[in-house]
Amino acid sequence: MKDSKNQPNQKLGDLEKNTLKNENKAMTTDQGLKINDDQNSLKAGERGPSLLEDFILREKITHFDHERIPERIVHARGSGAHGVFKLHTSLSKYTKAKIFTEVGKETPVFTRFSTVAGSKGSTDLARDVRGFAVKFYTDEGNYDLVGNNMPVFFIQDAMKFPDLVHAVKPEPHNEVPQAASAHDTFWDFISLMPESLHMTMWAMSDRAIPRSLRMMEGFGVHTFRLVNEENESTFVKFHWKPKLGVHSVLWDEAQKISGKDSDFHKKDLWNAIEEGDFPEWDLGVQLIPEEDEHKFDFDLLDATKLVPESEVPVQLVGTMTLNRNPANFFAETEQVAFHPGHLIPGIDFTNDPLLQGRLFSYTDTQLSRLGSPNFHEIPINRSINPVRNNQRDGHMRQQINEGASSYHPNTIADGCPFQAMMKDGGFHSHEERIDGNKIRTRSRSFMDHFSQARLFFNSQTKTEQQHIINALQFELSKVTRPHIRENMVNQLTHIDRKMAQEVAEVIGVDLPEKGTEPVNEGKPADADQEHYASIVKDPKTRSDDALSIIKNLKNAVKTRKIAYISMGNHPAEEFNDLDQKLKAAGAKLKVVSSKLGKIKDDAGNEMEISETLFNTDAVLYDGLILASGKMNGTELLSHGKVKAFVMETFNHCKPMLVLSDADTFIEELGLPCCKKKRKTLSELFIDNTGDGFLSSLSKHRHWEREKLL
Ligand code: HDE
């Protein structure tokens, strides 16, 4: 186990100073008074009423009554970790931001991943977008890159955000469903907002059900600007690429994990860091010269569009490593306050109307969530660069500002704190020329809502396309109002008619002869239809391999958890050989048996059982090995739970290794796909050697098996 302490980010000493260890220390009240009895309230006589005088009881209960703060209106459920960002390639030609120019520099970071729709206590495996927010504690102040695990967004203008969120959240009359988009209000909204279709395709893809937070890409979503020493600007899109590759689970699996372990992602991140398997991401940039702003067939300011990697490659510039778990969830993961407006010199905004709206929302939300304009003083939010300004007082102020002056300009404090020159790091907004009418409208260049939705769908493998179709079938089948299902199918015809047909067939809707003009209730009441008609410029066949998970498969073995089911007496050599092979490849073998404690192999060596058949489940593992030996033949399958384990592993296309009685195994299993025609292990993509198993594991899943089901 690597030491997760003493990492470079210990530089965040402020946080450490605020942590408290209780070893060998007596309990006290909030005023520091030592407590003698924490079991009993003060009473008038042994059986008498409690006394109002009991200041210790009152203090304890009062604090308890106020322990909750409002959860985030979106992204309420989160998991966070500390780490470090290290630059390996300078971007000094494009930016003066020191984190992107000083090669080898290590910048402490705190990263919070989240689901969007669910409440704080909801499941990790909801079909949802994941937040991917990184706070860089730079020497020039805090810089927050507050992105998602998908590169586009549902809407183009901040004006529609409350509507989107109201639509996806539990329905207001009965507060269901929790953390799920499969309901009427969400699809009603989406079916009336063609601009949301591209992101909807992403949300229906496997990206919305990640195997691990460590296996997700991250995106800044908006187009930002980099600004160099000469104040020249270059457009930039930010990408995080996970070293472990991008991997997802199946929808059936996701639903079952939600029941078996709703903290699956949270624990996975925590355990990986505790075990020294520090998750890493490469930071990449797509750079677009200012003069190329209008070269694309979409608008760079439109957050429902991505810049295809086939057109502008992603250049990797540095690596983020998450290497330390928070000491306290509330203090750090809950109280961390991100804001796309936390900027440093060398990075700037564009006029993306979604981004512009966000710049208002995040401070506003912290005021209601954290309760005071002093939220920047909470240890996790503190800048390394000392904060010096004339902002004073307010609820819970920690800083004690000395002296008589709290204004600028002043003579009393020799004009301090003074304004920094640009050359000394003073922030200066990029001087973009703006010339226009004050107008409430949407640019015509934002009006093609289907080309990139189709680009995304076209770029997927057949397996991934099928998963999208399955997801649409599932979600829309939960919609109770037929006209919403009809509207949605109509929208889908504009992306891919065959896909729309497959969805329509199972949700009780007829495919329209010809997709009718897309409805766009999002338009202003008096806008002319022509202006708002869809402008589809894209050839129907365009695709980009970077958008597929399967086409970019890598590193599916490292840190994977494999169940080795044995009732004992398995061959020592078999286990040791497998254990070594898997360890060498970075995977982890966990012994699963019928009860906790130890089992012995056939050489009498004892081994600890990690989990039992009754406290765990196949959906919590990446693969399954059935041991051989006298106690483990096909009679293993007589254990109902082992059979369930095997069936789930099989149905979820996961690697499986059967070490004994392979011949009779298939028959005993009674797989529905084998009823008509007896199939061999290899036809079922089941392995019978350790090497075969490792090779299967490296594929993540045997998607071919899906066709047998
Ligand atoms: Fe957010 N978003 N957002 N958002 N967002 C919040 O801020 C908002 C948007 C994102 O781990 C809130 O502190 C508006 C896009 C992440 O703490 C709130 C709009 C993207 C997180 C807010 C958007 C994001 C948030 C709620 C449309 C991807 C979690 C709590 C104009 C680029 C950060 C909070 C964390 C959180 C507003 C759209 C990402 C209410 C108004 C696009 C990762 O301020």
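Preceding block: the structure.
I will try to describe carefully the structure that is included in this document. (Residues numbered from 1 in each chain as written. Predicted model: local features only at pLDDT ≥ 70, side-chain atom pairs only at ≥ 80, totals over all residues. Heavy atoms only, no water.)

**Remarks on helix α18 (residues 690-697)**
Operational definition: Only protein chains enter the accessibility calculation, which uses a 1.4 Å probe; a residue is then buried when its area is under 20% of its type maximum, exposed when over 50%, and partly exposed in between. A run of DSSP states H or I qualifies as a helix once it reaches four residues; a run of E qualifies as a strand once it reaches two. Both are numbered from the N-terminal end. Note that the arc is defined by the directions from the helix axis to the C-beta atoms.
Those residues of α18 not exposed but buried are Gly690, Phe693, Leu694, Ser696 and Leu697. End-on view of α18: buried residues confined to an arc of 160°, all on one side of the axis.

**Structural notes on the site of the ligand**
For the record, the criterion: Residues are labelled near a given molecule or strand when at least one of their non-hydrogen atoms is within 4 Å of it. For this analysis, a polar contact is any N or O atom pair within 3.5 Å, provided that within protein one partner can donate a hydrogen and the other can accept it, and provided that sequence-adjacent residues contribute only side-chain to side-chain pairs.
Around the ligand, the structure places 23 residues, and the nearest of them are Arg72, Arg112, Ser361, Tyr362 and Gln366. Taking Ser361, its side chain carries an N or O atom lying 3.1 Å from an oxygen atom of the ligand. In the model, a nitrogen atom of the ligand is placed 2.7 Å from a nitrogen or oxygen of the Tyr362 side chain. For the shell around the ligand, the secondary structure elements donating two or more residues are β3 (130-138), β4 (141-148) and α9 (353-370).

**Some points on the side chain of Gln491**
Along the chain, Gln491 turns up in helix α12 (residues 482-493). Among the polar contacts made by the side chain of Gln491, one reaches the main-chain carbonyl oxygen of Ser191 at a distance of 2.6 Å.

**Re the coordination of the iron atom of the ligand**
Definition in use: Here the coordinating atoms are restricted to nitrogen, oxygen and sulfur within 2.8 Å of the metal centre, or 3.2 Å for Na, K and Ca, and because water is not among them the sites may look incomplete.
Just one protein atom coordinates the iron atom of the ligand, and that atom is Tyr362 (OH), at 1.9 Å. Take Tyr362: it is sitting in helix α9.

**Regarding the packing of helix α5 (residues 197-204) against helix α10 (residues 451-458)**
Convention followed: Axis lines are fitted through C-alpha atoms, for helices just across the contact stretch, and the angle between N-to-C directions can take any value from 0 to 180 degrees. Working definition: roughly parallel below 35 degrees, roughly antiparallel above 145 degrees, roughly perpendicular at 65 to 115 degrees, and oblique for all remaining angles. Note on definitions: a residue-residue contact is assigned when non-hydrogen atoms from the two residues lie within 4.5 Å. Note that Gly is not counted as nonpolar here; it falls among the polar residues with everything else outside the nonpolar set of Ala, Val, Leu, Ile, Met, Phe, Trp, Tyr, Cys and Pro and the charged set of Asp, Glu, Lys and Arg.
Orientation of α5 relative to α10, taken along the N-to-C sense of each, is 25°, at an axis distance of 7 Å. Judged by the inter-axis angle, α5 sits roughly parallel to α10. Between α5, through Leu197, His198, Met201 and Trp202, and α10, the contact on the second element is made entirely by Gln452, Ala453, Phe456 and Phe457. Of the residues contributing to the contact of α5 with α10, the split by class is six nonpolar, two polar and no charged.

**Structural notes on the sheet that holds strand β11 (residues 561-565)**
Where we set the bar: Being paired, for any two strands, means DSSP has found at least two bridges between them.
The five strands are arranged β15-β12-β11-β16-β17 in an open sheet whose pairing can be described as parallel. Across the chains shown, the open sheet's two edge strands, defined by having one partner strand only, are β15 (611-612) and β17 (656-658). Looking at chain direction, β11 and strand β16 (residues 623-626) are connected through four bridges and run parallel. Pairing of Tyr564 across the sheet is with Ile625, part of β16. Most of the contacts of helix α15 (residues 572-585) go to strand β12 (residues 588-593), to which it runs at about 140°, and overall it touches β11, β12, β16 and β17.

**What to know about the pattern of salt bridges**
Spelled out, the test is: For this analysis, a salt bridge means a side-chain nitrogen from Lys or Arg found within 4 Å of a carboxyl oxygen belonging to Asp or Glu.
In this structure the tally under the stated criterion is 45 salt bridges. With its nearest N and O atoms 2.7 Å apart, the salt bridge here joins Glu290 to Arg225. Separated by 65 residues along the polypeptide, Glu290 in the loop between β8 (280-289) and β9 (315-324) and Arg225 in strand β6 (residues 224-227) bring together distant segments of the chain. A relative accessible area of 34% means that Glu290 is categorised as partly exposed. The exposure class assigned to Arg225 is buried, which follows from its relative accessible area of 3%. The salt bridge involving Asp617 is made with Lys260; its shortest N-O contact spans 3.2 Å. Pair noted here: Asp617 is in the loop between β15 and β16 and Lys260 is in helix α6 (residues 251-260), with a separation of 357 residues, a long-range link.

**Some details on the packing of aromatic side chains**
For clarity, the threshold we go by: Any two rings among Phe, Tyr and Trp, with Trp reduced to its six-membered ring, count as a pair given centres within 6.5 Å; such a pair is stacked if its planes are under 30 degrees apart, edge-to-face if over 60, and tilted if neither.
A full pass over the atoms with the stated rule returns 21 aromatic pairs. Look at Phe153 and Phe154: their rings are 6.0 Å apart centre to centre, the planes differ by 70°, and that puts the pair in the edge-to-face class. Considered together, Phe153 and Phe154 belong to a single accessibility category, that of buried residues. Measuring from centroid to centroid gives 5.1 Å for Phe186 and Trp187, while their planes differ by 85°, and the two rings are edge-to-face.

**Considering the packing of α12 against helix α13 (residues 497-506)**
Put simply, α12 and α13 touch, their axes get as near as 7 Å, and they point 160° apart. When the axis of α12 is compared with that of α13, the two are roughly antiparallel. Of the residues in α13, those in contact with Val489, Leu492 and Thr493 of α12 are Arg497, Met499, Ala500, Val503 and Ala504. Taken together, the residues of the contact of α12 with α13 sort by class into six nonpolar, one polar and one charged.

**Let's talk about the side chain of Asn374**
Within the element layout of this structure, Asn374 appears in the loop between α9 and α10. Given the relative accessible area of 7%, Asn374 is considered buried. In terms of polar contacts, Asn374 uses its side chain to reach the backbone carbonyl oxygen of His395, at 3.0 Å. Once residues lying within four places of it in the same chain are set aside, the contact partners of Asn374 are Asp393, Gly394, His395, Met396 and Arg397.

**Focus: the environment of Thr441**
Relative to the helices and strands, Thr441 is located in the loop between α9 and α10. On the basis of relative accessible area, Thr441 is assigned to the partly exposed category, the value being 42%. Remark: the alpha-carbon pair of Thr441 and Gln39, spanning 402 residues in sequence, is separated by 64 Å.

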